[in-house]
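# Structural characterization, general
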Amino acid sequence: QVQLVESGGGLVQAGGSLRLSCAASGRTSSAYAMGWFRQAPGKERDFVGAIFGSGGSTYVAASVKGRFTISRDNAKNTVYLQMNSLKPEDTAVYYCAAGPFESTSEKYFTYWGPGTQVTVSS
């Protein structure tokens, strides 16, 4: 199995930055797609971004394009979500996920972390 643990969440003012980390352990594979999703209170869990393969291909949602970037350190089995120019609407629980397919769809991600809270104040 694969275990994922997010870190780096917290409280930040609008316009600030945070970097989330997702550390993977267990039977990990560099071929896994690594994704970030978020869920705000009362809303569906939405795709934020993903990185595929060994780190060459990344995708982010339109709502965060230009502000969020995804990177991967294969040696550390860690994926990062760099969040800049944060807005109050970015407030959510952020989840790291991993799966065997290159997809932005939640249903194709097999493993999930417990989530980390990101709160952006105005």
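Residues numbered from 1 in each chain as written. Predicted model: local features only at pLDDT ≥ 70, side-chain atom pairs only at ≥ 80, totals over all residues. Heavy atoms only, no water.

## Description of the packing of aromatic side chains
The full count for this structure, using the stated rule, is 6 aromatic pairs. Centre to centre, the rings of Tyr32 and Tyr111 are 6.2 Å apart; their planes meet at 40°, and the pair counts as tilted. Of the two residues, Tyr32 is situated in the loop between strand E3 (18-26) and strand E4 (33-39) and Tyr111 in strand E10 (residues 111-112); the sequence distance between them amounts to 79 residues. Here Tyr32 falls in the buried class, since its relative accessible area comes to 16%. (Phe/Tyr/Trp six-rings, centres within 6.5 Å; stacked < 30°, edge-to-face > 60°. Helix = DSSP H or I, 4+ residues; strand = E, 2+ residues; numbered from the N terminus. Buried < 20%, exposed > 50% of the residue type's maximum accessible area, 1.4 Å probe, protein only.)

## A closer look at the pairing of strand E9 (residues 92-99)
Burial within E9 is extensive, with 7 of its 8 residues counted as buried. In this sheet, E9 lies alongside E4 in antiparallel orientation, the contact comprising 7 bridges. When the bridges of E9 are listed, Trp36 appears paired with Cys96. The pairing of E9 with strand E11 (residues 116-121) spans 3 bridges and is classified as antiparallel. In the strand pairing of E11, Val93 is matched with Gln117. Here E9 runs beside E10; their pairing, made up of 2 bridges, is antiparallel. (Pairing = 2+ DSSP bridges.)

## A short note on the state of the cysteines
Put plainly, a disulfide is one covalent bond tying together the sulfur atoms of two cysteines. Taken as a whole and judged by the stated rule, the model has 1 disulfide. Here Cys22 engages in a disulfide with Cys96; their sulfurs sit 1.9 Å apart. Between Cys22 and Cys96, the disulfide has an S-S torsion of -80° and is therefore left-handed. A residue pair is termed long-range when its members are at least 10 positions apart, and Cys22 in strand E3 and Cys96 in strand E9 qualify at 74 residues. (Disulfide = S-S within 2.5 Å.)

## Brief notes about the side chain of Thr78
Note that Thr78 resides in strand E8 (residues 78-83). Thr78 sits in the buried class, given a relative accessible area of 11%. A polar contact of 2.9 Å, which involves the side chain of Thr78, links it to the backbone oxygen of Lys76. Beyond its immediate chain neighbours, meaning those up to four positions away, Thr78 contacts Ser21, Cys22, Ala23, Ser71, Arg72 and Asp73. (Polar contact = N/O pair within 3.5 Å; in protein donor to acceptor, adjacent residues only side chain to side chain. Contact = heavy atoms within 4.5 Å.)

## A look at the sheet that holds strand E1 (residues 2-7)
Spatially, E1-E3-E8-E7 is the arrangement adopted by the 4 strands of the open sheet, whose pairing is antiparallel. Of all the strands in the sheet, the pair left with one neighbour each is E1 and strand E7 (68-73). For this sheet, the mean angle separating the axes of adjacent strands, direction not counted, is 15°. Across 6 bridges, E1 lies against E3 in antiparallel orientation. Paired with Glu6 across the two strands is Cys22, which belongs to E3. (Axes fitted to C-alpha atoms, helices over the stretch in contact; angles between N-to-C directions.)

## A word on the pattern of salt bridges
One side chain can pair with another of opposite charge once the charged atoms of both are near each other. Under the counting rule described, the total for this entry stands at 3 salt bridges. Arg45 is the salt-bridge partner of Glu106, the closest N and O atoms lying 2.5 Å from each other. Residue Glu106 is located in the loop between E9 and E10, and its partner Arg45 is located in the loop between E4 and strand E5 (46-52); the two are separated by 61 residues in the primary sequence. By relative accessible area, Glu106 is classed as partly exposed at 30%. Arg67 is paired through a salt bridge with Asp90; the nearest N and O atoms lie 2.7 Å apart. On the criterion of sequence distance, the pair formed by Arg67 in the loop between strand E6 (57-60) and E7 and Asp90 in the loop between E8 and E9 is long-range, its members being 23 residues apart. Given the relative accessible area of 1%, Asp90 is considered buried. Taken together, the shared-partner salt bridges in this structure form one network comprising Arg38, Arg67 and Asp90. (Salt bridge = Lys/Arg side-chain N within 4 Å of Asp/Glu carboxyl O.)

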